[in-house]
Amino acid sequence: MSSSPQRTVVVTGSAGRLGRAACRELLARGWHVRAFDRCPSPAGESIVADLADAAAVAAVLQGADALVHLAATPDDDDFAARLLPDNLLGLHNVIEGAKAAAVPRVILASSGQVNFVQQYEGPWPIRVGDPLTPRGWYAITKVALEAAGQIHARVTGAAVISVRLGWCPRDRAHADELGASFHGPHCYLSPRDAGTFFAAAVEHPVPAGHHIVYATSRPAEIEMVDLEPTKKLLDWEPLDRWPEGATDDLPG
Ligand SMILES: NC(=O)c1ccc[n+]([C@@H]2O[C@H](COP(=O)([O-])OP(=O)(O)OC[C@H]3O[C@@H](n4cnc5c(N)ncnc54)[C@H](O)[C@@H]3O)[C@@H](O)[C@H]2O)c1
């Protein structure tokens, strides 16, 4: 009896909050997961290396069927010490590595922070084509990431999905901050919904080209971002609503 060969996905940032959720779901669906992070990853084939190491990034991408690029400094921080190496040099190395390895499906982690003002002032739902109002330098690195995704799709013919991820708290204090914020409960992304989103993003047939989508769980009340294009592109539906799953898998 023959079975189809196991498909390989590279997940960067695999030791982090969203990376763990992505790896868990992809492993459950039978993917071989190369888990790339500068910290050891709890699931998948752990590869401990830094995005700044272009050779290590190129090597991990060889022969991969898909890439989920999550590794980054995940919020505003020291520009020269953190955002520049992690979010921009790292992005460059990942995109060039994916090009050299001809990875056919690339998922890039963007953020709702590219549309910061509209989160507070509306109009809602925020749509993918609305004018960008980045919050700060972190959000600017995500605008650059979306631009890199667009160029990569055009140059290589790959299917690239830049996903403006909702808010998935990284620790309990972060969850408290989300709960106390104005927009957090409407833009929450649970680990479970993140996992199924990333699985759909690598598995569902999509046309070549660059696709920008939002991914959040179901809004608490206000439909703050437009999930219709995501549902249409990937046949994906979120199941959770804040605070379901928010503190699952968190230390302490
Ligand atoms: N969690 C959220 O609410 C949220 C919202 C929008 C976008 N995002 C984006 O999703 C991605 C994942 O976020 P997260 O919340 O899981 O963050 P996280 O901090 O929990 O995980 C990031 C992981 O990336 C790794 N990493 C960072 N820089 C690296 C480097 N130079 N080389 C190798 N590994 C490196 C870290 O070790 C960490 O394990 C990020 O790109 C972030 O900007 C997150």
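Keep in mind the model is a prediction, meaning the values are calculated, not measured.

Peer 1: What is the right way to read a nonpolar patch on the surface from this model?
Peer 2: Together, Phe79, Leu84, Trp137 and Ile140 make up an exposed nonpolar region whose accessible area comes to about 370 Å². Going through the elements one at a time, α3 (79-100) and α5 (137-156) are the ones with two or more residues in the nonpolar patch. For Trp137, the position within the fold is in helix α5.

Peer 1: Looking at this model, I keep getting lost on the environment of Gly112. Mind explaining?
Peer 2: Here Gly112 shows up in the loop between β5 (105-111) and α4 (116-121). By relative accessible area, which is 12% here, Gly112 ends up buried. Once residues within four sequence positions are removed from consideration, Gly112 is found in contact with Gln119, Arg164 and Leu165.

Peer 1: Would you mind going over unusual backbone geometry with me for this structure?
Peer 2: As a rule of thumb, non-glycine residues mostly have phi less than zero, and peptide bonds are mostly trans rather than cis. In this structure, the amide linkage connecting Trp124 to the following residue, Pro125, adopts the cis form with an omega of -5°. Between Trp242 and Pro243 the backbone carries a cis peptide bond, its omega angle lying at 5°. Unusually for a residue other than glycine, Asp235 sits at a positive phi of about 50°. Here Asp235 shows up in the segment after α9 (228-234). The class of Asp235 is exposed, set by a relative accessible area of 63%.

Peer 1: How should I be thinking about the site of the ligand in this particular structure?
Peer 2: The full set close to the ligand counts 26 residues, and Asp37, Leu70, Tyr138, Cys168 and Arg170 are the nearest of them. Taking Leu51, its main chain carries an N or O atom lying 2.9 Å from a nitrogen atom of the ligand. The backbone of Gly166 places a nitrogen or oxygen atom 3.5 Å from an oxygen atom of the ligand. When atom positions are compared with the pocket grids, the ligand is found to occupy the largest pocket. The set of elements that each furnish at least two residues to the shell around the ligand consists of α1 (17-28), β5 and α5. If you tally residues by element for the shell around the ligand, the top one is β5, at three residues. Here the shell around the ligand is composed, by residue class, of 14 nonpolar, five polar and seven charged.

Peer 1: I'm lost on the layout of surface pockets in this one. Help?
Peer 2: Empty space among the atoms can be located by rolling a probe the size of a water molecule over them. Roughly 1,000 Å³ of internal volume is contained in the largest pocket. Considering the residues around the largest pocket, the lining is formed by 45 residues, among which Thr73, Pro74, Asp75, Tyr138 and Arg170 are closest to the centre. At the level of secondary structure, the elements contributing two or more residues to the lining of the largest pocket comprise α1, β2 (32-37), α3, β5, α4, α5, β6 (159-165) and α6 (172-180). The residue inventory of the lining of the largest pocket, partitioned by class, reads 20 nonpolar, 13 polar and 12 charged.

Peer 1: Before we go on, may I ask you to explain the pattern of salt bridges in this structure?
Peer 2: Pairs can form between side chains of opposite charge once their charged atoms are near each other. A full pass over the atoms with the stated rule returns 17 salt bridges. Residue Arg24 pairs with Asp249 through a salt bridge whose shortest N-O separation is 3.5 Å. Of this pair, Arg24 sits in helix α1 while Asp249 sits in the segment after α9, and the two are 225 residues apart along the sequence. The exposure class assigned to Arg24 is partly exposed, which follows from its relative accessible area of 42%. Here Asp77 and Arg82 are joined by a salt bridge, their closest N and O atoms 3.3 Å apart. Connected through shared salt-bridge partners, Arg38, Asp50, Asp77, Arg82 and Asp86 make up one network.

Peer 1: Quick question: what am I supposed to make of the packing of helix α2 (residues 54-61) against α3 here?
Peer 2: Geometrically, a packed helix pair is captured by the angle between its two axes and the distance between the axes. Two elements in contact, α2 and α3, have axes whose closest approach is 8 Å; the angle formed by their N-to-C orientations is 40°. Here α2 is positioned oblique relative to α3, judged by the angle of their axes. Between α2 and α3 lies a crossing of right-handed hand. On α3, the residues touching Ala54, Val57, Ala58 and Leu61 of α2 are Asn93, Val94, Gly97 and Ala98. Considering only residue class, the contact of α2 with α3 consists of six nonpolar, two polar and no charged.

Peer 1: Quick question: what am I supposed to make of the environment of Arg17 here?
Peer 2: By the element assignment, Arg17 lies in helix α1. A relative accessible area of 6% means that Arg17 is categorised as buried. Spatially, the C-alpha atoms of Arg17 and Pro169 are 7.8 Å apart, while their sequence positions differ by 152 residues. Among all residues touching Arg17, those that are not within four sequence positions of it are Cys168, Pro169, Arg170, Pro191, Gly245, Ala246, Thr247, Asp248, Asp249 and Leu250. Polar contacts involving the side chain of Arg17 include one to the main-chain carbonyl oxygen of Ala246, which spans 2.7 Å. Among the polar contacts listed, one links the side chain of Arg17 to the backbone oxygen of Asp248, at a separation of 2.9 Å.

Basis of the calculations
- Residues numbered from 1 in each chain as written.
- Predicted model: local features only at pLDDT ≥ 70, side-chain atom pairs only at ≥ 80, totals over all residues.
- Heavy atoms only, no water.
- Patch = residues over 30% accessible without salt bridge, like charges linked within 9 Å, V, L, I, M, F, W, Y side chains within 5 Å.
- Areas by Shrake-Rupley, 256 points an atom, 1.4 Å probe, with all protein chains shown as cover.
- Salt bridge = Lys/Arg side-chain N within 4 Å of Asp/Glu carboxyl O.
- Helix = DSSP H or I, 4+ residues; strand = E, 2+ residues; numbered from the N terminus.
- Buried < 20%, exposed > 50% of the residue type's maximum accessible area, 1.4 Å probe, protein only.
- Contact = heavy atoms within 4.5 Å.
- Near = heavy atom within 4 Å.
- Polar contact = N/O pair within 3.5 Å; in protein donor to acceptor, adjacent residues only side chain to side chain.
- 1 Å grid on protein atoms, 1.4 Å probe; cavity = no way out; pocket = protein on both sides within 12 Å on 5 of 7 lines; lining within 4 Å.
- Sits in = over half its atoms within 2 Å of the grid points.
- Nonpolar A, V, L, I, M, F, W, Y, C, P; charged D, E, K, R; others polar.
- Points joined across faces, edges and corners; volume = space filled by probe spheres on them.
- Axes fitted to C-alpha atoms, helices over the stretch in contact; angles between N-to-C directions.
- Parallel < 35°, antiparallel > 145°, perpendicular 65-115°, else oblique.
- Left-handed = near helix turned anticlockwise from the far one by under 90°.

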